[in-house]
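# Structural features, examined
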Amino acid sequence: TPAWEVGTVTQFNEDSILRLTTRIRELMADQGFPLTRFKIKLAPEAGGKTSLLVEIADPGTRAKLSRVRFNGLQRHTEKQVLAYLGIEPGATFTGHVLRDIYSKLRESCRFWSYDVLVRLPSLDSRRYAKSADEVELVISLAEYPHVPPLGELLPEADATMRRAALWLENYV
């Protein structure tokens, strides 16, 4: 969703500016720039309208995946799961990558539960050193023991249930 719908009426009080700032920060992080420095400015226009201007002072560096740790692996190796997810240290990290990880874990039907923790650099002196390339993932998994491991086909009954669940998720 956009930070602000063009043409809609909004207030520009302290709370709304904070919400806009938060949304813009989320949008920039989603593009792989979690430590972007920017300012919001309001530009009055004719007819009582106001434009929202976002002035990017420093986009920072692109977020890079520096490390991936796993908790709970018993049947699979870290290498197998990394290959299945299609991620590796050094790759660019964006919101799309995170959504893709969740999607692949869900669609694999190999895990009872899964959680992905994203650790960004702290906002200390590293922020000013532009070192946003230190994104770390911690992936916690509870493996389901009654299906074949990643890389092997699911039994037909499980594959049918998987397709039905994905259909329900997308169309209901």
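Residues numbered from 1 in each chain as written. Predicted model: local features only at pLDDT ≥ 70, side-chain atom pairs only at ≥ 80, totals over all residues. Heavy atoms only, no water.

On to the overall build of the protein. The helix and strand tally for the protein stands at five helices and five strands. Considering only C-alpha atoms, the protein reaches an extent of 65 × 45 × 20 Å along its principal axes. Across the 172 residues that make up the protein, the buried fraction comes to 27%. Counting contacts in the protein only where the partners sit at least 6 residues apart, residues at least 24 apart contribute 60% of the total. If you sum the accessible surface of the protein, you get close to 11,100 Å²; carbon and sulfur atoms cover 54% of it. Side-chain charges in the protein split into 23 positive and 22 negative, and the spacing between the mean points of these groups amounts to 3 Å. (Helix = DSSP H or I, 4+ residues; strand = E, 2+ residues; numbered from the N terminus. Buried < 20%, exposed > 50% of the residue type's maximum accessible area, 1.4 Å probe, protein only. Contact = heavy atoms within 4.5 Å. Areas by Shrake-Rupley, 256 points an atom, 1.4 Å probe, with all protein chains shown as cover. Lys, Arg positive; Asp, Glu negative; His and termini not counted. Charge placed at Lys NZ, Arg CZ, Asp CG, Glu CD.)

Judged by nonpolar contacts, the single largest core of 18 residues is most densely connected at Val68, Ile87, Leu105, Leu137 and Ile139. Put simply, the parts of the chain that give this core at least two residues each are strand E3 (65-71), helix H2 (78-85), helix H3 (95-108), strand E4 (111-119) and strand E5 (135-143). For this core, the leading source of residues is E5, giving four residues. Setting aside chain neighbours within four positions, we find valine 68 in contact with Leu82, Ile87, Leu137 and Ile139. (Core = buried A, V, L, I, M, F, W, Y, C linked by side-chain atoms within 4.5 Å.)

Take the packing of aromatic side chains next. Under the criterion given, the structure shown has three aromatic pairs. With 6.0 Å between their ring centres and 55 degrees between their planes, tyrosine 102 and tyrosine 114 make a pair best called tilted. In this pair, tyrosine 102 sits in helix H3 while tyrosine 114 sits in strand E4, placing the two residues 12 residues apart along the sequence. Under the relative-accessibility criterion, tyrosine 114 is labelled partly exposed at 26%. Seen in terms of ring centroids, tryptophan 112 and tyrosine 144 are 4.6 Å apart; in terms of plane orientation they differ by 90 degrees. Their pairing is edge-to-face. Of this pair, tryptophan 112 sits in strand E4 while tyrosine 144 sits in the loop between E5 and helix H5 (156-171), placing them 32 residues apart in sequence. With a relative accessible area of 62%, tryptophan 112 lands in the exposed category. (Phe/Tyr/Trp six-rings, centres within 6.5 Å; stacked < 30°, edge-to-face > 60°.)

Here we come to the pattern of salt bridges. Enumeration over the complete set of coordinates arrives at 11 salt bridges. Across the pair aspartate 100 and lysine 104 runs a salt bridge whose closest N-O atoms are separated by 3.4 Å. Of this pair, aspartate 100 and lysine 104 both sit in helix H3, four residues apart, roughly one helical turn. Residue lysine 104 is classed as partly exposed on the basis of its relative accessible area, which comes to 24%. A salt bridge links glutamate 136 to arginine 119, with the shortest nitrogen-to-oxygen separation between them at 4.0 Å. Taken together, the positions of glutamate 136 in strand E5 and arginine 119 in strand E4 put the pair 17 residues apart, joining distant regions of the chain. (Salt bridge = Lys/Arg side-chain N within 4 Å of Asp/Glu carboxyl O.)

Attention now goes to the side chain of glutamate 136. We classify glutamate 136 as buried; its relative accessible area is 14%. Within polar-contact distance, the side chain of glutamate 136 engages the side chain of arginine 69 at 2.8 Å. Other than its neighbours up to four places away in sequence, glutamate 136 contacts Ser66, Arg67, Arg69, Leu117, Val118 and Arg119. (Polar contact = N/O pair within 3.5 Å; in protein donor to acceptor, adjacent residues only side chain to side chain.)

Attention now goes to the confidence of the model for the protein. As a general rule, the predicted coordinates of low-pLDDT regions are not to be interpreted in detail. Looking at the protein, pLDDT values average 86 and 90% of them are 70 or higher. Confidence, read as mean pLDDT per element, is least for helix H4 (residues 125-128) in the protein (50) and greatest for H2 (96). (pLDDT = per-residue confidence, 0-100.)

One can find threonine 94 in the loop between H2 and H3. Judged by relative accessible area, which is 12%, threonine 94 ranks as buried. Separated by 3.3 Å, the side chain of threonine 94 and the backbone nitrogen of histidine 96 make a polar contact.

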